[in-house]
Amino acid sequence: MPRVKVARKSTSIDMTAMCDVAFLLLTFFILTAKPRIEDPVPVDVPGSVKDIKLPEENIAVITVGEKKAFFSVEGNDIRKAVLEQMGGLYNIQFTPQEMEKFATLPVFGVPIQSLKQFLALDVEQRQRYPQPGIPRDSVSDELFNWIRESRKAVKALHNQEMRVSIKGDSKEEYPTIKDVIAILQRQKVNKFSLITSLRGESKD
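Residues numbered from 1 in each chain as written. Predicted model: local features only at pLDDT ≥ 70, side-chain atom pairs only at ≥ 80, totals over all residues. Heavy atoms only, no water.

- As recorded in an unreviewed UniProt entry, the protein chain goes by Biopolymer transporter ExbD and comes from Mucilaginibacter roseus.

## Describing the pairing of strand β2 (residues 59–65)
Consecutive residues of a regular strand have side chains that alternate between opposite faces of the sheet.
Then, number 1: Where burial is concerned, most of β2 is hidden: seven out of the seven residues are buried.
Then, number 2: Neither face of β2 is exposed, since I59, V61, T63 and G65 on one face and A60, I62 and V64 on the opposite face are all buried.
Then, number 3: Two elements, β2 and strand β4 (residues 163–168), share six bridges in a ladder whose sense is parallel. Each bridged residue has a counterpart across the sheet, and for I59 the counterpart in β4 is R163.
Then, number 4: Bridge count for β2 against strand β3 (residues 68–73) is six bridges, and the pairing is antiparallel. When the sheet's bridge partners are listed, G65 is paired in β3 with K68.
Then, number 5: Connecting the antiparallel pair β2 and β3 is a turn made up of two residues, with E66 showing a positive phi of about 55 degrees. (Buried < 20%, exposed > 50% of the residue type's maximum accessible area, 1.4 Å probe, protein only. Helix = DSSP H or I, 4+ residues; strand = E, 2+ residues; numbered from the N terminus. Pairing = 2+ DSSP bridges.)

## Quick word on the packing of aromatic side chains
Then, number 1: Counted under the stated rule, the structure contains six aromatic pairs.
Then, number 2: Ring centres of F71 and F108 lie 6.4 Å apart, and the angle between their planes is 80 degrees; this geometry places the pair in the edge-to-face category. Taken together, the residues span a long stretch of sequence, with F71 in strand β3 and F108 in the loop between α3 (96–103) and α4 (115–119) at a distance of 37 residues. Both residues of the pair, F71 and F108, count as buried.
Then, number 3: Directly above the ring of F144 sits R186, whose terminal nitrogen or CZ lies 4.3 Å from the centroid. (Phe/Tyr/Trp six-rings, centres within 6.5 Å; stacked < 30°, edge-to-face > 60°. Lys NZ or Arg CZ within 6 Å of the ring centre and 35° of its normal.)

## Structural notes on α3
Then, number 1: Turning to α3, its buried residues are E98, M99, F102 and A103. With its buried residues spanning 140 degrees around the axis, α3 presents them on a single face.
Then, number 2: Contacts made by the buried residues of α3 are with α2 (76–89), α4 and α6 (142–158). (Arc of directions from axis to C-beta. Contact = heavy atoms within 4.5 Å.)

## Overview of the pattern of salt bridges
Think of it this way: side chains of opposite charge can pair up when their charged atoms draw near.
Then, number 1: By the definition in use, this model includes eight salt bridges.
Then, number 2: Between E98 and K116 there is a salt bridge, with the nearest N and O atoms lying 2.7 Å from each other. Of this pair, E98 sits in helix α3 while K116 sits in helix α4, placing them 18 residues apart in sequence.
Then, number 3: Among the residues examined, E98 registers a relative accessible area of 15% and is labelled buried.
Then, number 4: Salt-bridge contacts for E149 lead to K152; the nearest nitrogen and oxygen are separated by 3.5 Å. (Salt bridge = Lys/Arg side-chain N within 4 Å of Asp/Glu carboxyl O.)

Here's what the structure looks like:
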């Protein structure tokens, strides 16, 4: 008896649902991803054997490189409050537009007297601007005041203590790091973190 041939049919898979999930995941990662902040000066952080993630809120980072100090604090609301407080200390009136620009500034290193000029630049001009670093001397006390006013703003707005981290170049001379630590100790900030990279991995 002859065998009955079954007609072969091509197998088709409906990919609609999978495409929807893929686009949803892509949208989620795009919206939640945090862009990498470029350091104003090249910073080759030292290596360590422990991998502890920094908190994403209520933290300030002091970047040290080329004998200069740069400052950043997380939170647009915190940045606005700190700028207003610093303006009051140094008798500088910042406009609402300048405060909005400062709120989006991830890191900076200019004296407060030059901050208005720095904020007037567009993004590309600010990236090329040779920032001289925030003064650390005890006369102007600018770095001291940026840290202190940031701590006040975090406490007032979020009711939490601000965490402080130092991101220093591994080849930076010790006196610069010593100045920053001394400024923190003057504010009784004896607990702070040193940002490092995990040994064996590429450094940020």
